[in-house]
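# Structure at a glance
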Amino acid sequence: MPKMEMPKSTNNPATTSSGPPGYVEVGIAQEVQQRIGVTLGKATQTPLTMVIRTVGIVRPDETRLAHIHLKTEGWVEKLFVSFTGQQVKAGDPMLSIYSPAFFAAQRELLSALRSAKSSIEGMADQQVVLEAARKRLELWDVPADAIKALETTGKPSTSLILRSPISGTVLEKKAFQGQYTMTQNELYVVADLSTVWMQGKVFEYELPHVEIGMPVTIMLPSLPTQQFTGKVVFIDPVVDEMPRSVQVRVELPNPDGRLKPGMFGHILISHAMGSGLTVPASAVIRTGERNIAFRAVSADRFLPVEVKISPLRFEDRFQVLEGLKAGDEVVTSANFLIDSESQLQAGGGSMAGMPGMDAGNKGDEKKPAAKPEDIAKPQDMKGMPMPSGPAKDDHSTMKH
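Residues numbered from 1 in each chain as written. Predicted model: local features only at pLDDT ≥ 70, side-chain atom pairs only at ≥ 80, totals over all residues. Heavy atoms only, no water.

### Let's talk about the overall build of the protein
A count of helical and extended segments in the protein gives five helices and 21 strands. Here the protein, with 400 residues, has 37% of them falling under the buried criterion. Across the protein, the fraction of contacts at a sequence separation of at least 24, relative to all contacts at a separation of at least 6, is 74%. (Helix = DSSP H or I, 4+ residues; strand = E, 2+ residues; numbered from the N terminus. Buried < 20%, exposed > 50% of the residue type's maximum accessible area, 1.4 Å probe, protein only. Contact = heavy atoms within 4.5 Å.)

This is the structure we're talking about:
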């Protein structure tokens, strides 16, 4: 290569102390460096942060989810919550039903109350019956003030009102006015979305860098200018055998409701592992047998150095354990060309034949000009057989 010279040495280049076995120091002129795109980076002390990237979908917090059923049977009379997405508070009425069983239970309570007031003998037994009738209504989620009003007025209600057990957003509505509903029918699903979950999958080899309570950064394509912070609250104890991955659950505060179930997002889990000497990953050539970096010893000379790196990669940098020190400049691009030249020079050759990269004076040697007597003349070809005419199968002899 032009102006890429091997340092002069009387020793065998392949065993010179200027680099690892099979490598030698390489000199490259500044103009050639610009032509082949040589860039440099530094070995510096940086934080060692392992960043795990995955994706997930926003889901409701399952611990803040209410599936609402009736505890008796009846016909839906009126809907107070009539559409999905409606906001409700704990205790708000959702629907009213006409239930013969509810009406009969109120009559039983009133009867037991009258018997308890009028009976002197067997007072304890009447109190047991009264408490049982009252407890039955309580188990149907009839509010205490409604039971007290029933005992005061003595007038049973024909409608049982179903109320929301939590404050939140109605995610599903399955009740319709006039329908007959039973205990197994789910009528509403209400979720408190002040806290949401996002579940992602991490690979098995990334598990040592994920712990419960670890902070997590969430970025959503739908909200590109904002970042959300959560924490890891659960790691699945079972590894999925096919993709060799594990489910990780992240909990996110959502006080203003910007995070909506179904949103897609990117999950970044950062594991701080102290600090260490690192270089750009592009500076290290990994041959399988050894790891080579080219250290700049001057503006136009590069020394191959065998480096020992950590098996972990920190974003776009490798941690260097041996071979370099802080402040060393290393080649970060075009190092494969420099690597090839170093090995070729170690073997006594160089990159000849590349455009603009002639190897020494060999490329300038000119071939001797041909002499006139070496040029063949037509009469010298008299003894050569000449074709007598077209071949028999020549298409020009075919008749029309």
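Having seen the model, we can carry on.
### A look at the side chain of E186
Within the secondary structure, E186 sits in strand 11 (residues 186-191). Within the local environment of E186, its side chain forms a polar contact with the side chain of H67, the two groups lying 2.5 Å apart. Among the polar contacts made by the side chain of E186, one reaches the side chain of K174 at a distance of 2.8 Å. When near neighbours in sequence (up to four residues on either side) are disregarded, E186 contacts H67, I68, H69, E172 and K174. (Polar contact = N/O pair within 3.5 Å; in protein donor to acceptor, adjacent residues only side chain to side chain.)

### What about the sheet that holds strand 5 (residues 74-79)?
Within the open sheet, the four strands sit side by side as 8-7-5-10. Their pairing is antiparallel. Taken across any chain shown, the strands that pair with only one partner, and hence form the sheet edges, are strand 8 (159-163) and strand 10 (180-181). In terms of strand pairing, strand 5 meets strand 7 (residues 93-98) through four bridges, oriented antiparallel. Looking at the pairing, L79 lines up with L95 of strand 7. (Pairing = 2+ DSSP bridges.)

### Details of the sheet that holds strand 4 (residues 65-69)
In space, the four strands of this open sheet follow the order 4-11-9-6, with antiparallel pairing throughout. The sheet is open, and its two edges are formed by strand 4 and strand 6 (87-88), each paired on a single side. Where strand 9 (residues 168-173) and strand 11 come together, four bridges link them in antiparallel fashion. For E172, the partnering residue across the bridge sits in strand 11 and is V189.

### Re the environment of V88
Tracing the sequence through the fold places V88 in strand 6. Its relative accessible area of 6% is what places V88 among the buried residues. Not counting the four nearest positions on each side in its chain, V88 is found in contact with V81, S164, I166, S167, G168, V170 and V190.

### As for a nonpolar patch on the surface
Residues W75, Y98 and Y180 make up a contiguous nonpolar surface patch of roughly 310 Å² in combined accessible area. Within the fold, W75 resides in strand 5. Looking at W75, the relative accessible area reads 41%, which means it is partly exposed. (Patch = residues over 30% accessible without salt bridge, like charges linked within 9 Å, V, L, I, M, F, W, Y side chains within 5 Å. Areas by Shrake-Rupley, 256 points an atom, 1.4 Å probe, with all protein chains shown as cover. Salt bridge = Lys/Arg side-chain N within 4 Å of Asp/Glu carboxyl O.)

### With respect to the environment of V81
Summarising the element assignment, V81 is placed in the loop between strand 5 and strand 6. Taking the relative accessible area as the measure of exposure, V81 reaches 2% and is therefore buried. Expressed as a C-alpha distance, the spacing of V81 and S164, which sit 83 residues apart in the sequence, is 9.9 Å. If we skip the residues at most four places from it in the chain, V81 touches Q86, V88, P93, M94, V170, K173 and Y188.

### Structural notes on the pairing of strand 18 (residues 291-298)
By the bridge criterion, two bridges tie strand 17 (residues 285-286) to strand 18 in an arrangement that is antiparallel. Across the sheet, I285 pairs through a bridge with I292, a residue of strand 18. Linking strand 17 back to strand 18 in an antiparallel pair, the connection comprises four residues, with G288 at a positive phi of about 100 degrees. Two strands pair when backbone bridges link them, and strand 18 and strand 19 (residues 301-314) are joined in this way by seven bridges, in the antiparallel orientation. Paired with S298 across the strands is R301, a residue of strand 19. Counted between consecutive antiparallel strands, the loop separating strand 18 from strand 19 contains two residues.

### Comments concerning unusual backbone geometry
One non-glycine residue with positive phi stands out, namely D141, at about 65 degrees. Here D141 falls in the partly exposed class, since its relative accessible area comes to 44%.

### So, helix 5 (residues 335-346)
In this model, helix 5 (12 residues) spans 16 Å end to end at C-alpha, consistent with the 16 Å of a helix rising 1.5 Å per residue. Those residues of helix 5 that sit buried are N335, I338, D339, E341, S342, Q345 and A346. The buried residues of helix 5 occupy an angular sector of 165 degrees when the element is viewed end-on, so they sit on one face. Those residues of helix 5 that are buried lie in contact with strand 1 (26-27), strand 17, strand 18, strand 19 and strand 21 (329-333). (Expected span 1.5 Å × (residues − 1). Arc of directions from axis to C-beta.)

### Describing the pattern of salt bridges
Considering all chains together, one arrives at 15 salt bridges under this definition. We note a salt bridge from D192 to R64, for which the minimum N-O separation is 3.2 Å. Remark: R64 occurs in the loop between strand 3 (44-60) and strand 4 and D192 occurs in the loop between strand 11 and strand 12 (195-203); sequence separation between them is 128 residues. We classify R64 as partly exposed; its relative accessible area is 33%. Between R136 and E108 there is a salt bridge, with its nearest N and O atoms 3.1 Å apart. Of this pair, R136 sits in helix 3 (residues 123-139) while E108 sits in helix 2 (residues 100-118), and the two are 28 residues apart along the sequence. Given a relative accessible area of 35%, R136 falls into the partly exposed group. The partly exposed category is assigned to E108, whose relative accessible area is 41%. What you see here is one network of salt bridges that share partners, running through D61, R64 and D192.

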